[in-house]
Amino acid sequence: MQNIRVLAYNATNERVEFKEKWGGQLVKKTLKRSVTALTGLAMAVWSVGGSAAFATTTTKPHAAHHSMKRASYSQGASQTQIVLGTSGPLTGPIAAYGAIAEGENAYFNYVNATGGIHHRKIKLIMLDDQYQPDKAVANARALVSDGIFAAVGTLGTATNQASDPFLLRANIPVTSVATGSSALTVPVVPLRFGLEPTYTLEGHVMTRWAIMHNHIKTIGVFYQNDDFGKEGLNAIIQEAARYHVKVVAKVAYNATDTDFSTYALNMKRAHPQAVFEIGVPEPTAMFEIGMMQLGFHPQQYVTYVSGDPIMFKLAGKAFNGAYTDGWLPLLNSQKTATFRAWFKKTYPNTPPTLLALSGWVDAQVVAHGLAMCGNTLTTTNFIKQMNSIKNWMGADTSSPVTYTPANHFGIDAMYMLQANGKTQQLVPKSGLIFYHQVGSSLN
Amino acid sequence: MLELDRVISGYGSSRALHEVSLTVPRGSLVTVLGANGAGKSTLLRVASGLLPIWGGDIKMDGRWMTRKSTREIVRAGVVHCPEGRQIFSQLTVYENLQMGGYLRDDRKAAKRSMDQVFSYFPRLKERVKQRAGTLSGGEQQMLAIGRSLMASPRLLMLDEPSLGIAPKLVQEILGILGFIQEEGTAVLLVEQNARLALQHADYAYVLDLGRVVMEGAGSTLAKDSRIEERYFGARDTAM
Amino acid sequence: MLWQTILSGLAVGSLYALSAIGLVLIFKTSNIVNFAQGQMAMLSTFVAFQMLTRWGFPYWLAALASLVFALVFGFFVYIVFLSRLKRAEVLSQIILTLGLYLVFRGVAGVLWGNVPFTMPAAVSTNTVHIGSAVVTWYQLFIMIVTLLLMLVFYAMFRYTKTGLAMRAVSQNQQAARLMGVSLTRIYGATWAVSTALGAIAGLLIAPILFLSPSFMDSVAVKAFAAAVLGGFSSLPGAVLGGLVLGVMESVFGFYISTDLKSTFVFLLIIGILYVRPQGLFGTREVKKV
Amino acid sequence: MTSERNLRMARLLVVALAALAAPFVVMPLGSQMSYILDMSVIFCIVAVALNLLTGFSGQVSLGHAAFLMVGEYVSSLLTLNLNWSFWIALPLSAVVTGILGFLIGLPAVRLSGNFLAVATMGFSFAVPELALKWSGLTNGSSGLMPLRPALGSYVLGSDQAYYFLILACLVVQIIVIKNLLKSRTGRAFQAIRDSEIAAQSSGVRVGYNKALVFSISAGFTGIAGSLYAHYINFVSPNDFTVQDSFLFLAMIVVGGLASIPGSILGAIVINTINQLSSSFGQYSIILVGAVMVLAVLLFPKGLVSLRVPPHARKPRHSSRGSARVTREVESPDVP
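Here the structure is a predicted model, which is why all the values come from computation and not from measurement. (Residues numbered from 1 in each chain as written. Chains lettered and ligands numbered in written order. Predicted model: local features only at pLDDT ≥ 70, side-chain atom pairs only at ≥ 80, totals over all residues. Heavy atoms only, no water.)

What about the interface of chain A and chain C?
Phase 1: Across the boundary between the two partners, chain A contributes 30 residues, which contact 31 residues of chain C.
Phase 2: In this assembly, chain A packs against chain C so that about 2,600 Å² is buried in total across both faces, 60% of it on carbon and sulfur atoms.
Phase 3: Contact with chain C buries surface across chain A, with A:T258, A:L265 and A:Q293 losing the most and accounting together for 23% of the total.
Phase 4: Seen at the junction of chain A and chain C, the total is one salt bridge.
Phase 5: Between A:D257 and C:K261 there is a salt bridge whose closest N-O contact spans 4.0 Å.
Phase 6: Applying the counting rule to chain A against chain C returns seven residue pairs in polar contact (both at pLDDT 80 or more). (Contact = heavy atoms within 4.5 Å. Buried area = accessible area lost by both parts, 1.4 Å probe. Salt bridge = Lys/Arg side-chain N within 4 Å of Asp/Glu carboxyl O. Polar contact = N/O pair within 3.5 Å; in protein donor to acceptor, adjacent residues only side chain to side chain.)

And the structure:
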């Protein structure tokens, strides 16, 4: 396996052919050895697990029959298919975010059904890390062993921080990381690409808009006590300070909390004009309900993470009138029709949510990069092509996607929406608000 | 009434009973004697279904009882009053007695049994609301016997009722056995204190290392010199 | 404000108490801590949800079906898994229930996905003022149901034959068997009833915390702590433990810090246990087995 | 006697050879397997430490996830902020965690069973919260990135090289614990497990010994934490939660209580399955749960009961289980 990886690093024609030819036998050999080496249950699991039984497409890699004159490949790419990998919380405490991987899977199914990328099918290996860093590392190593071309939409800050170094050392691009944490995009790591708006971007956009349009004078922040909430909080404080607006209350909650009435009470005590809510949907909804029950009705600003129509169901009336910001189109818009159809086809029992759509978009951006590579599916070329994506509107995002060698944020514009209680819809309230993070004082 | 036919049993992989046969006739008092570890308690545990039987048969009134559950054995009228009393110490005396009549559905009959128990052991009536754990050793033994009687047994199997109890109380407790017998209940008494047991017994078996080594009428065995030297030992002289 | 924090604390504490009752019921009879309790409640709640929203049954029928499911499910779990481990050590039984926890959780994820659902509530969620503080009718309803269930089961233990047998079994299994008690029946019944209790807890909690495979997780942990605080073998203790825990969380969260809430609360629990090692309602006697 | 001794020596030799050969056997299976091997041995250290506490001394702990994290942070902060050598930070993380374990063990003097479980569980909640709270020191969720240690100029960069470091720590730990168990202190631990009252009446200082064993167990767990941190090269408050504490308990129960080989077996099996299950997607936790259920049902005395006893003559502590946390239920219901 060691050999394969070394070869994969400097993929030139002959060497790749060597790998294609010998890789299969090597794998067989190691399998044989493994059976003798390890005994019992662990082995049984490995053999099933190692064969990627849950990979999405069944196309098997064929040995390179035709010698490709002009095409060149890095690990995971061949004339017939491109192998991608993802790791996310398919089970565990935040299993709801497994929807992102499902969205990616749905998109690649769509791509494969419509002819693939230059006739190459995409094979996506989906691994479960339960949001635990140690499992994410194990998955990263498994993905490298499985010979992926790139990782796509791996979720979480800590999980990415723990597992990415291994992927990067193996020269495998980590694309569309599914977190808004700037820690992954600042400073720029050549092989790693963000996509989701950073929580910093969001904090600035939302705060500025609130102050400019709604003339907010005092702000309270309800935030998740981790990188996500704290980054948002810091951005809000920074932006508010520019306009001499005070942040009068900072209320942190923990992911394991069950009681949000205390937080609502804390917020009511400070009585801010506007309350910013940087949390995931369920706690945010419970907090909103708590404030409503206390008879406290501030203007609410909800992070895009919870700016999902599902909030109408969870929070009910408490969500009415709340502002949120977005980078994806409305779920019921014409632009997402393909997404809805293909997601339903892939996962008939799961509702198509914004999370799933974000996974779909993650996949679109990577697929675009791959398509731009043409027949030169090498890591170097892929990075070069990704870095040349400029104001691309081909993905089902509402904001354009841009990467340059110095900017791996992906998206740096958002638009404001407001929850309309009558229609149970999010209604756009602004055009795109750009906030150029690169070179700004934020970094 | 109760017949054990070449019963084999034990713990784990070691045998504790080797083909023990024993009969308790209706209304009689039969005693099983033997040193510590002779298999006396094991015998009772097998008879009451607590221990699985490895071989042989158990019959009650001619009905097959082998491999029946404890519940069914109690239903058949065989009640085991275990060694060391094993009362429910957190429950009150009253509740303990109630538990004794667990399988009886007839409340009035159960009430009558309780009155009878109180007539045997007036002390229990005085302490009816007390937690059983707070009773003295002798009182606990009375409670244990009373609890077994609540099931209105046809055969009462008593395991070492004299263990750790003041001699005066022992006489009082064993004196009750006569009354119980008069009510038509047979008694199978396991005792280390051979002399005491033989005073009351109609018939006796002597167990040694899981085998019946001697049997005979109580009065005959009481005079047997071998019994004298082997089982009327230190404990007896201490009395 | 203090009154409001206390009232909010009581409201959330009654959720803990409600879940703790079932935990205590099983422990009281069989000395097993059932860590799968919360997940079994979650599955039972999903059964009601399925009937309500997907098949359009009325609420009372769905709730009833959920309870029946829970009774059967609890009995089944005991017979299939726990009854086979009767002679094993307590820690093995705990690990068994942990394994079941993972399995049930995974199964729910596969069947219903992980997107949270809203569960209809049994009564109105409108607010009501008590003095200067606000609660919802629904929260009051939960508090009342919790107290009622505690009283019902307290009375069951105290005054019924089965309750007596349960207490007897928990003290001395062998003697109880000699009275003609069938351990399988008593344990099976205990598991059935406490799973049904869990279903009630789940049905009542889901409208507040939203229904998803993980919705009982944090409640279950707090319920465990509440049961321990109350002495683990006392029903009134469990309820009191839950309420104390809820109020502590609420008061600490409001007056001291929100981001170190669990730390403070557990420190206080340790403090309470240090003074009363057997919990608030526990008895000091060491069980002899 | 001599044949028995030979048998034991032979077995020891086989185990030693297997342990030395393992990284090379696993190497061709890909880096995921070498990773799982290294992680398994790290968890072996945790499991052996926990078994000392739970199996041999009868105290349950749900706080070991927290001890691991303390070890991680101590070692990372010492090497990153103070630029101390890993070789100093490693033992120091044990010392600090051990002291903390002693403090946590103090309430344990009065508690047992579920009460102790909840008291220690609180610690598993508190440490991540504190790590988030003091983000100035710990860098919050963005985490710390400690480096792989070096021997002179040779960096233990490969999984294989690091494996031998972990293995060395495990071997030292086993030797220390084996000798400890044979010593008067070790016998005191086991006496406390069997009966606190009896131990007290024979002159054992129950309180001190209970806190002491907590401290020793925590200290070894701290070493595992340090090894983990410098292996993964990333430390964050998410690393270990209460669930992991339960997983550690599962390791020693599945492997075998009060048995060092059992701890190792359990740690390897549970960790391997836990890490490999990820490719089963949504079904991963069902698989892990099912393995735990089956293991407990099929081997109630632990996987270690599968091995041939080297000497059936002496019923050693391993066969007895621990008395205070565990309880032998009398006889089966239906014969």
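Section: unusual backbone geometry
Phase 1: Between A:V186 and A:P187 the backbone carries a cis peptide bond, its omega angle lying at -5°.
Phase 2: Following the sequence through the fold, A:P187 ends up in the loop between β5 (174-177) and β6 (192-194).
Phase 3: The backbone of A:S176 sits at a positive phi, close to 50°, despite the residue not being glycine.
Phase 4: Looking at the element boundaries, A:S176 is found in strand β5.
Phase 5: Phi is positive for D:N83, which is not a glycine, with a value near 60°.
Phase 6: In this structure D:N83 comes out as exposed when scored by relative accessible area, which is 65%. (Helix = DSSP H or I, 4+ residues; strand = E, 2+ residues; numbered from the N terminus. Buried < 20%, exposed > 50% of the residue type's maximum accessible area, 1.4 Å probe, protein only.)

Considerations on the pairing of strand β7 (residues 155-159) of chain B
Residue and element names in this part refer to chain B.
Phase 1: Among the five residues that make up β7, five are buried, leaving the element largely enclosed by the rest of the structure.
Phase 2: Side chains of β7 alternate between two faces, with L155, M157 and D159 and L156 and L158 buried alike.
Phase 3: With four bridges joining them, strand β6 (residues 78-81) and β7 adopt parallel strand pairing. From the neighbouring strand, C81 faces β7, where its bridge partner is L158.
Phase 4: Here β7 runs beside strand β8 (residues 186-191); their pairing, made up of five bridges, is parallel. (Pairing = 2+ DSSP bridges.)

What to know about the pairing of strand β15 (residues 413-420) of chain A
Residues and elements named next belong to chain A.
Phase 1: Along β15, seven of the eight residues are buried, which leaves the element largely enclosed by surrounding structure.
Phase 2: Two elements, strand β11 (residues 323-326) and β15, share four bridges in a ladder whose sense is antiparallel. Looking across to β15, one finds that T324 is bridged to L417.
Phase 3: Here β15 runs beside strand β17 (residues 433-434); their pairing, made up of two bridges, is antiparallel. Paired with A413 across the bridge in β17 is F434.
Phase 4: Across four bridges, β15 lies against strand β16 (residues 425-428) in antiparallel orientation. In the sheet register, N420 faces β16, and the bridge partner there is Q425.

Remarks on the UniProt feature "transmembrane region" (unreviewed entry) in chain C
Residue and element names in this part refer to chain C.
Phase 1: Feature annotation in UniProt assigns "transmembrane region" (unreviewed entry) to the following positions: residues 6-27, 34-53, 59-82, 94-115, 135-157, 186-211, 223-245 and 252-275.
Phase 2: Helix makes up 100% of residues 6-27 and strand 0%, with an end-to-end C-alpha separation of 29 Å.
Phase 3: The distance separating the terminal C-alpha atoms of residues 34-53 is 30 Å; by composition the span is 85% helix and 0% strand. (UniProt positions renumbered as here; feature names shortened; annotations may be inferred.)

Notes on the interface of chain C and chain D
Phase 1: Each side of the interface is counted separately: chain C has 57 residues, and chain D has 50 residues.
Phase 2: Carbon and sulfur atoms make up 68% of the surface buried where chain C meets chain D, a total of about 4,900 Å² over both sides.
Phase 3: Contact with chain D buries surface across chain C, with C:E89, C:L91 and C:I95 losing the most and accounting together for 14% of the total.
Phase 4: Here chain C and chain D share one salt bridge between them.
Phase 5: Between D:K133 and C:D259 there is a salt bridge, with the nearest N and O atoms lying 3.4 Å from each other.
Phase 6: Taken together, the connections running from chain C to chain D amount to five residue pairs in polar contact (both at pLDDT 80 or more).
Phase 7: If you list the elements that add at least two residues to the side of chain C that touches chain D, you get α1 (2-30), α4 (90-112), α7 (173-178), α8 (183-209), α9 (217-229) and α11 (261-275) of chain C.
Phase 8: Ranked by residues supplied to the side of chain C that touches chain D, first place goes to α4(C) with 17 residues.

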